[in-house]
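Observations on chain architecture
Now for the letters of each chain:
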Amino acid sequence: MDKLDAHTLQALCSQLAAHQWEEEELNELVDPKLGIITGFQELLEELEVLRHVDLEFTAPAQSVQRKRKV
Amino acid sequence: MREEELAFASINALCAGLASGDISSPVALTQFFLERSKRLNVDCHAFIEITEHNALRDAKRLENMRDAVPLRGIPFASKDLFDVEGVKTTAGSRVLADNTASADATVIKRLRNAGAVNHGKLNLHEFAYGITGENVVYGTPVNAYDKSRLAGGSSSGSAAAVAFGLVPFALGTDTGGSTRVPAAFSGLVGLKPTFGRVSRSGIIPYSWSLDHVGTITRTVADAALILQTIAGEDKNDPDSSNEPLDDYLAALEQPGNLSKLKIGVPRAFFFENADSEILAVTELAIDNFRAHGAQVVDVELPKMEHTRAVSLTVQMPEALSVHSRYLKDRGHLYSCDFRAGLALGQCLLAEHYIRAKRMMTRYRQQTNAVFEKVDLLITPTTPIIAPRIGQRRITIDNNDEAIGNAVTRYTSFFNMTGHPALTVPSGLHSLGLPMGVQIIGRYYEEAEVLIAGLALEENFQIPKPSFHA
């Protein structure tokens, strides 16, 4: 996986159906300064690891059901 | 009752005072808390709006109603995500500064039907995005034990309002710890019930998959009383559960219940990289359970290394979807940190989101397998005490971490699994700030969680805050 740069995000948001974002907002994802959001690059690297986890046919989480003690 | 005694009384004590005549009337009680709130809010920033007129109107209606409703005249306030008819729901943001609710949220309606009197709208991190509770529009709620520190967030005003004695209980929401964390930082009891146990209808969402309604109270018995009032099926919330309700108050009155419980301690991750005093007091809490006759065993939960990534990957696309209706015309009114988070939600791929939701299912399966062996889990609520206002990072055991990550490290997993979780005060740190212990139970078994919380509460009382009122 190549390193993410701001141009990729700008192209993604301008060429796909998306909201309008300021350049500095997309830069924040590549070079975070506000301290709230994990850098997007680090998040993508974690997601890449998770992509290799075999979840078989596990369905996405929805509501929860009571589990009786066995 | 003297002012401080009244301000810090439990709901049960206030109900008893009204019934006996020690407190003359719901109007007198309402006036007392309104006056105190107006005086102290200047410093603590708990309220965004104190709805004095509505509170007095509702209290007057209750004057001639004797014992007909369980919460007759009891004041409360709600995080400013909950709709209250005729009152603005701002979500702590300029974006919704003119947003007046046309009806009560389901939980507000249930509390008002039970006789509780709403005193207003409480401060929060803008749209519940963020755990520090810092708010540039409405001010940052401060910690009642040290005003230079955070009350915690995102339900910052909810914790500050109860901790400063402005209301006996408050409603919050909890997406990654946003009720439990501020409750723990402020020396209070915070309950996040099972996902679906309490309706979210009429509450501005942040992330549908992770949002829970939470309560902040002074005592475990009060948490049980409020849960009994607000829980239950609601046809207006598609995630609301039709599981029957337990009698939570009756459960707390059964002596010896704790000796029947088996308690699991997940030492990996949840007892690592934390303040040593917090770990020590959690061990004392575990010893307390043993002393009550509970069986205590070590357990292993799923590996936690990617849980924050999973949570974030679910949260941000959902938050973006919530806010897409406002971004075009009001996008400039959001704070810049929230807009950056929404931009992240825009740039994640659909498969990332779905995979994260599937990981949530896997976490649920793995945690439910643990709950086949034990009845409850116990962990510290947070690895650190309340940070200073403006603090961005913390170093523990040579590990440097963003405050937002550190604070939610032990809580956010249970938003993904949906299990009920309670924080109870466990002691005062040597720096004079509260610490909390978290108890987690099986789905819909809030009663067991509350029983365990009561056992801790009986032996781990902490002093009231000693700020100048």
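Residues numbered from 1 in each chain as written. Chains lettered and ligands numbered in written order. Predicted model: local features only at pLDDT ≥ 70, side-chain atom pairs only at ≥ 80, totals over all residues.

1. Some remarks on the overall build of chain B
Looking only at helices and strands, chain B features 17 helices and 15 strands. The proportion of buried residues among the 469 residues of chain B is 60%. Counted over contacts in chain B with a minimum sequence separation of 6, partners at least 24 positions apart contribute 77%. (Helix = DSSP H or I, 4+ residues; strand = E, 2+ residues; numbered from the N terminus. Buried ≥ 20, exposed ≤ 12 C-beta atoms within 10 Å, placed from the backbone. Contact = placed C-beta atoms within 7 Å.)

2. Quick look at the overall build of chain A
Summing up its helical and strand segments, chain A has three helices and zero strands in all. Along the chain direction, N to C, the helices and strands of chain A fall in the order α-α-α. In chain A, which comprises 70 residues, the proportion classed as buried is 19%.

3. Description of the environment of Asn257 of chain B
Checked against the element boundaries, Asn257 of chain B lands in the loop between helix H9 (248-252) and strand S9 (262-265). Here the alpha-carbon distance between Asn257 of chain B and Ala294 of chain B, two residues 37 residues apart in the chain, equals 9.1 Å.

4. Some remarks on the confidence of the model for chain A
Of all residues in chain A, 87% have pLDDT values of 70 or greater, and the mean over the chain is 87. Put simply, helix H2 (residues 23-30) of chain A is where chain A has its lowest mean pLDDT, 87, and helix H3 (residues 40-51) of chain A is where it has its highest, 94. (pLDDT = per-residue confidence, 0-100.)

5. Overview of helix H3 (residues 26-44) of chain B
Residue and element names in this part refer to chain B. Over its 19 residues, H3 runs 25 Å from end to end, which matches the ideal 27 Å to within 8%, given 1.5 Å per residue. At Lys38, H3 is deflected by roughly 30 degrees, the largest bend along its length. If you check which residues of H3 are buried, you get Pro26, Leu29, Thr30, Phe33, Leu34, Ser37, Leu40, Asn41 and Cys44. Positive backbone phi, approximately 60 degrees, marks His45, located one or two places after H3. (Expected span 1.5 Å × (residues − 1). Bend = angle between axes of the 7 residues up to and from the residue.)

6. Section: the pairing of strand S8 (residues 212-217) of chain B
Residues and elements named next belong to chain B. Burial analysis of S8 places six of its six residues in the buried class, the great majority of the element. By the bridge criterion, six bridges tie strand S6 (residues 169-174) to S8 in an arrangement that is antiparallel. Residue pairing across strands places Thr173 opposite Val213, the latter belonging to S8. Where strand S7 (residues 189-192) meets S8, three bridges bridge the pair, whose relative direction is antiparallel. Following the sheet pairing, Leu191 is matched in S8 by Thr215. (Pairing = 2+ DSSP bridges.)

7. Digging into the packing of H2 of chain A against helix H13 (residues 336-347) of chain B
Two measures define how a pair of helices packs: the angle their axes make with one another and the distance between the axes. Between H2 of chain A and H13 of chain B, the shortest axis-to-axis distance is 9 Å and the interhelical angle comes to 75 degrees. Classified by the angle between their axes, H2 of chain A and H13 of chain B sit roughly perpendicular to one another. Facing Glu25, Leu26, Glu28 and Leu29 of chain A of H2 of chain A, the residues of H13 of chain B in contact are Arg339, Ala340, Ala343, Leu344 and Cys347 of chain B. Partitioning the contact of H2 of chain A with H13 of chain B into residue classes produces six nonpolar, no polar and three charged. (Axes fitted to C-alpha atoms, helices over the stretch in contact; angles between N-to-C directions. Parallel < 35°, antiparallel > 145°, perpendicular 65-115°, else oblique. Nonpolar A, V, L, I, M, F, W, Y, C, P; charged D, E, K, R; others polar.)

8. Side note on the environment of Ile230 of chain B
All names here are of chain B. Relative to the helices and strands, Ile230 is located in helix H8 (residues 220-230). With 23 C-beta atoms packed within 10 Å, Ile230 lands in the buried category. Along the chain, Ile230 and Arg197 lie 33 residues apart, while their C-alpha atoms are 9.0 Å from each other.

9. A word on H2 of chain A
Among all positions in H2 of chain A, only Leu26, Glu28 and Leu29 of chain A are buried. Around the axis of H2 of chain A, the buried residues are gathered within 145 degrees of arc, so they sit on the same side. Lining the buried residues of H2 of chain A we find helix H1 (6-15) and H3 of chain A together with H13 of chain B. (Arc of directions from axis to C-beta.)

10. Side note on the pairing of strand S5 (residues 146-150) of chain B
The pairing of strand S4 (residues 142-143) of chain B with S5 of chain B spans two bridges and is antiparallel. What sits directly across from Asn143 of chain B, in S5 of chain B, is Asp146 of chain B.

11. What to know about the interface of chain B and chain A
Taken together, the contact between chain B and chain A spans 43 residues of the former and 34 residues of the latter. Listed by contribution, the elements that provide at least two residues to the side of chain B that touches chain A are helix H12 (307-330), H13 and helix H14 (350-370) of chain B. Ranked by the residues each element gives to the side of chain B that touches chain A, the list is headed by H14 of chain B, at eleven residues.

12. Quick look at the sheet that holds strand S15 (residues 434-441) of chain B
All names here are of chain B. Reading across from one edge, S1-S3-S2-S6-S8-S7-S14-S15-S11-S9-S10 is the order of the eleven strands in this open sheet, with mixed pairing throughout. With one partner strand each, in any of the chains shown, strand S1 (47-50) and strand S10 (295-298) form the two edges of the open sheet. With direction set aside, neighbouring strand axes in the sheet form an average angle of 25 degrees. Where S7 meets strand S14 (residues 421-428), three bridges bridge the pair, whose relative direction is antiparallel. Each bridged residue has a counterpart across the sheet, and for Leu191 the counterpart in S14 is Leu422. The sheet contacts of helix H6 (residues 156-163) involve S1, strand S2 (75-79), strand S3 (117-122), S6 and S8, and relative to S6 the element is tilted by about 160 degrees.

13. Here we look at unusual backbone geometry
Residues and elements named next belong to chain B. Gly153 connects to Ser154 through a cis peptide bond whose omega is 5 degrees. Structurally, Ser154 is set in the loop between S5 and H6. Although it is not a glycine, Phe269 adopts a positive phi angle of roughly 70 degrees. By secondary structure assignment, the location of Phe269 is in helix H10 (residues 267-270). Overall, Phe269 belongs to the partly exposed group, with 18 C-beta atoms counted inside 10 Å. Even without glycine at this site, Asp397 takes up a positive phi of about 50 degrees. Within the secondary structure, Asp397 is located in the loop between strand S12 (393-396) and strand S13 (399-402). By C-beta crowding, Asp397 is classed as exposed, having 9 other C-beta atoms within 10 Å.

14. As for the confidence of the model for chain B
Taken as a whole, chain B shows an average pLDDT of 96; of its residues, 99% reach a score of 70 or greater. Across the whole predicted complex the pTM is 0.97, and at the interface the ipTM reaches 0.93.

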